Amino acid sequence: MLQLNVKNETSRLRAVVLGSALNNGPTPTAEEAYDPKSLEHILAGTYPVEKDMVAEMEAFNKVFQKYDVKVFRPEMIENYNQIFTRDIGFVIDDVFIKANILPDRNRELDAINYVIDQINPDKVVRPPDDVHIEGGDVMLWNDYIFIGTYKGSDYKDYITARTNMEGVNYIKNLFPNKIVKEFDLVKSKLEARDNALHLDCCFQPVGKNKGIIYKSGFREEADYVYLVKLFGKENLFHITRDEMYHMNSNVFSIDENVVVSEKNFTRLNNWLRENDFIVEEIPYAEIAKQEGLLRCSTLPLIRD
């Protein structure tokens, strides 16, 4: 049995589900795009090809091997995008929560059933149908659970709004001893530079007390101020609109002092090194064209 344990984003990683780009299927049509960044690349003819994405994910896998992390991969489904495992489930403490994802993506969860079968069934839950929540919106910080949401009355009109307030309340009820704080995120169906698809597109903790943040990703300035007060402004690396578009906040921590980052994130990577982090740089710019990056393609199961 897998003894799940995830309490924050940065403790030493022991086991993870890493997505797969194998048999990824043809380039989607514009009508099939789930987000404005994918749509942009579909229309421009620059949508990533399978061999490039497979190579990028293998580079990520090699970093996990270097740090002796147990890696699970989804069972392969023909012609199906299985890169972003963060969307389909997430672990809080020792509980695996199956996400109510977009209906078109339900098969992605089936592909990791062999992993879920290794977990105590009492510790696996699935929210009711009206509860929408995806792992990219759920950020753990010890006693805190940060959750990205969208509070607009037009929630149902946005394919980019992935977690509703019912999702926030579900987590509050499931973990009454945690401080659950929701953040109202900026959404756009058409402009990727103004679309915080998930919370990890505009904020992520690193190390013990630092974080990466994009101020304009929050609809309410009070939500941004909340994080500044909690972490301290001097501990936050502020990214630009363009850096948010390239997913600079979507790095992944293997340990409190080890961060996997995209090799083109020069300003961020320099700041991390200046703050005594080991930065494992890998190519991930092709996968980024689908509005997801390193955190999106991982589902941590066990941390120290």
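Residues numbered from 1 in each chain as written. Predicted model: local features only at pLDDT ≥ 70, side-chain atom pairs only at ≥ 80, totals over all residues. Heavy atoms only, no water.

Chemist: What am I meant to see in the side chain of Asn248 here?
Modeler: Note that Asn248 resides in the loop between helix H7 (241-245) and strand E12 (252-255). At 3.0 Å, the side chain of Asn248 and the backbone oxygen of Glu243 are in polar contact. Ignoring sequence-local partners within four residues, the contact set of Asn248 consists of Ile212, Ile239, Glu243, Phe265 and Leu268. (Helix = DSSP H or I, 4+ residues; strand = E, 2+ residues; numbered from the N terminus. Polar contact = N/O pair within 3.5 Å; in protein donor to acceptor, adjacent residues only side chain to side chain. Contact = heavy atoms within 4.5 Å.)

Chemist: Can you help me understand the nonpolar core in this one?
Modeler: Most often, soluble globular proteins have nonpolar side chains that are buried together. Phe60, Phe64, Phe146, Leu199, Phe203, Phe218 and Ile254 are the most contacted members of the largest nonpolar core, which has 57 residues in total. Those residues in contact with Leu199, other than ones at most four positions away along the chain, are Gly136, Asp137, Met139, Phe146, Ile147, Gly148, Phe183, Leu185 and Phe218. Ranked by size, the runner-up nonpolar core spans 34 residues in total, among them Leu2, Ala99, Val138 and Leu140. (Core = buried A, V, L, I, M, F, W, Y, C linked by side-chain atoms within 4.5 Å. Buried < 20%, exposed > 50% of the residue type's maximum accessible area, 1.4 Å probe, protein only.)

Chemist: Looking at this structure, how should I read unusual backbone geometry?
Modeler: Glycine aside, residues mostly have negative phi angles, and peptide bonds mostly take the trans form. Even without being glycine, Asp68 reaches a positive phi, approximately 60°. The residue Asp68 is located in the loop between helix H2 (50-66) and strand E2 (70-72) in this model. In this model, Asn79 sits at a positive phi of 50°, which is unusual for a non-glycine residue. Here Asn79 lies in the loop between E2 and strand E3 (89-92).

Chemist: Where do I start with the environment of Val279 in this structure?
Modeler: You can see Val279 is positioned in strand E14 (residues 278-282). For the pair formed by Val279 and Val258, sequence separation is 21 residues and the distance between their alpha carbons is 6.0 Å. If we ignore the near neighbours within four places in the chain, the residues touching Val279 are Val259, Ser261, Asn269, Leu272 and Arg273.

Chemist: Where do I start with empty space enclosed by the protein in this structure?
Modeler: The gaps of empty space that remain are located by a probe, the size of a water molecule, rolled over the atoms. According to the stated counting rule, one finds one cavity of 30 Å³ or more in the structure shown. When its volume is computed, the largest cavity comes out at roughly 90 Å³. Along its surface, the largest cavity is lined by Val6, Asn8, Glu9, Arg86, Phe90, Val91, Val138, Leu140, Arg295, Leu299, Pro300 and Arg303. Contributing elements (two or more residues each) for the lining of the largest cavity: E3, strand E6 (138-141) and strand E15 (298-303). Looking at which element gives the most residues to the lining of the largest cavity, the answer is E15, with three residues. (1 Å grid on protein atoms, 1.4 Å probe; cavity = no way out; pocket = protein on both sides within 12 Å on 5 of 7 lines; lining within 4 Å. Points joined across faces, edges and corners; volume = space filled by probe spheres on them.)

Chemist: It is not clear to me how the environment of Arg241 should be interpreted in this structure. Could you clarify?
Modeler: Here Arg241 lies in helix H7. Distance from Arg241 to Ser216, taken between C-alpha atoms, is 7.8 Å for residues 25 residues apart in sequence.

Chemist: Help me understand the pattern of salt bridges in this model?
Modeler: Close approach of charged atoms allows side chains of opposite charge to pair. Tallying each qualifying case throughout the model produces 17 salt bridges. Across the pair Asp52 and Lys51 runs a salt bridge whose closest N-O atoms are separated by 3.4 Å. Two residues, Asp184 and Arg219, come together in a salt bridge whose shortest N-O distance is 3.2 Å. Of this pair, Asp184 sits in strand E8 (residues 179-184) while Arg219 sits in the loop between strand E10 (210-213) and helix H6 (221-231); the two residues are 35 residues apart in sequence, bridging distant segments of the chain. Overlapping salt bridges bring together Lys7, Asp93 and Lys178 as one network. (Salt bridge = Lys/Arg side-chain N within 4 Å of Asp/Glu carboxyl O.)

Chemist: I keep staring at the sheet that holds strand E1 (residues 13-18) and nothing clicks. Help me out?
Modeler: The pairing of strands in a sheet comes from backbone hydrogen bonds and takes either a parallel or an antiparallel form. Taken together, the three strands give an open sheet; going across it, the order is E2-E1-E15, and neighbouring strands pair in mixed fashion. The two strands at the open ends of the sheet, each matched to only one other strand, are E2 and E15. Direction aside, neighbouring strands of the sheet carry axes that sit 20° apart on average. Bridging between E1 and E15 involves five bridges; their strand directions are antiparallel. Of the residues in E15, the one forming a bridge with Ala15 is Ile302. Packed on one face of the sheet, H2 meets E1, E2 and E15 and runs near 160° to E1. (Pairing = 2+ DSSP bridges. Axes fitted to C-alpha atoms, helices over the stretch in contact; angles between N-to-C directions.)

Chemist: Just to check I follow, could you spell out the pairing of E14 for this structure?
Modeler: As a general feature of sheets, a regular strand has side chains that alternate between the two faces. Here strand E13 (residues 258-262) runs beside E14; their pairing, made up of five bridges, is parallel. Each bridged residue has a counterpart across the sheet, and for Val259 the counterpart in E14 is Val279.

Chemist: When you look at the sheet that holds strand E11 (residues 236-238) in this model, what are you seeing that I'm missing?
Modeler: Strand order in the open sheet made by the three strands is E9-E10-E11, with mixed pairing throughout. With partners counted over all chains shown, the strands left at the sheet margins are strand E9 (203-206) and E11, one partner each. Sheet twist, expressed as the average angle between the axes of neighbouring strands with direction ignored, equals 20°. Sheet topology places E10 next to E11; three bridges connect them, and they run parallel. Across the sheet, residue Gly211 finds its bridge partner in E11, namely Leu236. Strands E9, E10 and E11 of the sheet are contacted by H6, whose axis makes an angle of about 140° with E11.

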